[in-house]
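What follows is the residue order along each chain.
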Amino acid sequence: GAGVSQTPSNKVTEKGKYVELRCDPISGHTALYWYRQSLGQGPEFLIYFQGTGAADDSGLPNDRFFAVRPEGSVSTLKIQRTERGDSAVYLCASSFGGSGPWGADTQYFGPGTRLTVL
Amino acid sequence: GENVEQHPSTLSVQEGDSAVIKCTYSDSASNYFPWYKQELGKRPQLIIDIRSNVGEKKDQRIAVTLNKTAKHFSLHITETQPEDSAVYFCAAIQPSPVMNYGGSQGNLIFGKGTKLSVKP
C-alpha cells in the first residue's frame, strides 16, 4: 500500500477484556514501531521491531502488553486485561531500516487506533 | 535515556508572521531530529528533519537549525498561513544497539508539542 495502515480505526472494549491492534507497514520497510499517544501529549514509544525480532521493548508499560511481527511485515499489538488507563491512540510507524552513518531513516506514521476502555 | 523539552506549548501568530518553536535534548548520541505536524484527529506527518552532520536545513517556508554543542534545535516557519495551524512535535532519536548498514535505528522521543494558531 501507499502508506502505513492500522486496523481497527476505533476500538471500544470493557475493562478486563483482551484486544489486538494491527499494523500494516509500508511495503519493504523492515523497521516497525509502536507508540501510544494520550490526549494533549506527544507519542510515547512502546516497542520497535527490526525484521521479525523486537529490537527494543523497553517502552512497554507492563507485561499486559505484548507485540509480535512473525513474518517481518504485519505486526499485532496485544493488550491483556485492559484497564481504563490504557485508553489512548495507538500509533504504528515504519521506516526503511537501513541508513548511512548520519542518522536514522524517516518514520512514517499510520492513522492510529483509538482505544477506549470503559 | 533521551529527554526532549519543547517550548512554547502554545503559539499564536498573525497570518504572514514568522513562528519559531524550540527544543532541547539530553543525549549527545542522538543524531536525528525530525519535526512532525499533527492536525486534530490525524496522524503525525513529517514536515522536515535534520541529521547531525548539518547545522541547518530549509524547505520552502520551513527551516530547522541544530546546535549540537548546546543540544538544541529549532523549527522556523516564515510567512505563516492559516493552514499551518496544527500541533507541532519535535523529536530526537534514542539510539538503539541494533546497527544496520553502519548506521543506527531507534525509537523517537517526542516533545510535548506546540499548538500553533495562525490568525487570518
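Throughout what follows, the structure given in this document is the object of discussion. For clarity, every value in this text was computed on a predicted model and none was experimentally measured.

## Side note on the nonpolar core
No. 1: In this structure, W35, F73, L75 and L116 of chain B are the most contacted members of the largest nonpolar core, which totals 23 residues.
No. 2: When residues of this core are traced back to their parent elements, those giving at least two are β2 (10-14), β3 (19-25), β4 (32-38), β5 (45-51), β7 (62-67), β8 (72-77), β9 (86-95) and β11 (114-119) of chain B.
No. 3: Apart from the residues within four sequence positions on either side, F73 of chain B is in contact with I21, K22, C23, Y25, F33, W35, T65, L66, C90 and A91 of chain B.
No. 4: One finds L21, C23, I26 and W34 of chain A within the second-largest nonpolar core, a separate group that totals 20 residues.

## Considering the sheet that holds strand β6 (residues 56-59) of chain B
Residues and elements named next belong to chain B.
No. 1: Taken in spatial order, the five strands of this open sheet run β1-β3-β8-β7-β6, and their pairing is antiparallel. In this open sheet, the two edge strands, each paired with only one partner strand, are β1 (4-7) and β6. If you compare each strand with its neighbour and ignore which way they point, the axes differ by 15° on average.
No. 2: The pairing of β6 with β7 spans four bridges and is classified as antiparallel. Among the inter-strand pairings, K58 is bridged to a residue of β7, identified as A63.

## Let's talk about unusual backbone geometry
No. 1: Residue P8 of chain A follows T7 of chain A across a cis peptide bond; omega there is -10°.
No. 2: Here P8 of chain A lies in the loop between β1 (5-7) and β2 (10-13).
No. 3: Residue H7 of chain B is joined to P8 of chain B through a cis peptide bond whose omega torsion reads -5°.
No. 4: Structurally, P8 of chain B is set in the loop between β1 and β2.
No. 5: Of note in this structure, E79 of chain B is not a glycine but carries a positive phi near 45°.
No. 6: Structurally, the position occupied by E79 of chain B is in the loop between β8 and β9.

## A few points about the layout of surface pockets
No. 1: Reported here for the largest pocket is a volume of approximately 630 Å³.
No. 2: Around the largest pocket, the lining is made up of 29 residues, and of these L39 and R114 of chain A together with Q38, L40 and G41 of chain B lie nearest the centre.
No. 3: Those elements that provide at least two residues to the lining of the largest pocket are β9 (88-95) and β11 (113-117) of chain A together with β9 and β11 of chain B.
No. 4: Per element, the largest residue contribution to the lining of the largest pocket is four residues, and it comes from β11 of chain A.
No. 5: Of the residues assigned to the lining of the largest pocket, the class counts are eleven nonpolar, 13 polar and five charged.
No. 6: Along the walls of the second largest pocket sit 16 residues, with G42, P43 and E44 of chain A together with F110 and K112 of chain B positioned nearest its centre.

## Structural notes on the pattern of salt bridges
No. 1: Summed over all chains, the structure comprises eight salt bridges over all chains.
No. 2: With its nearest N and O atoms 3.8 Å apart, the salt bridge here joins R51 of chain B to D49 of chain B.
No. 3: Taking relative accessible area as the criterion, D49 of chain B reaches 5% and is therefore assigned buried.
No. 4: Through salt bridges with shared partners, a single network forms among R64, E83 and D86 of chain A.

About the thresholds
- Residues numbered from 1 in each chain as written.
- Chains lettered and ligands numbered in written order.
- Predicted model: local features only at pLDDT ≥ 70, side-chain atom pairs only at ≥ 80, totals over all residues.
- Heavy atoms only, no water.
- Core = buried A, V, L, I, M, F, W, Y, C linked by side-chain atoms within 4.5 Å.
- Buried < 20%, exposed > 50% of the residue type's maximum accessible area, 1.4 Å probe, protein only.
- Helix = DSSP H or I, 4+ residues; strand = E, 2+ residues; numbered from the N terminus.
- Contact = heavy atoms within 4.5 Å.
- Pairing = 2+ DSSP bridges.
- Axes fitted to C-alpha atoms, helices over the stretch in contact; angles between N-to-C directions.
- 1 Å grid on protein atoms, 1.4 Å probe; cavity = no way out; pocket = protein on both sides within 12 Å on 5 of 7 lines; lining within 4 Å.
- Points joined across faces, edges and corners; volume = space filled by probe spheres on them.
- Nonpolar A, V, L, I, M, F, W, Y, C, P; charged D, E, K, R; others polar.
- Salt bridge = Lys/Arg side-chain N within 4 Å of Asp/Glu carboxyl O.

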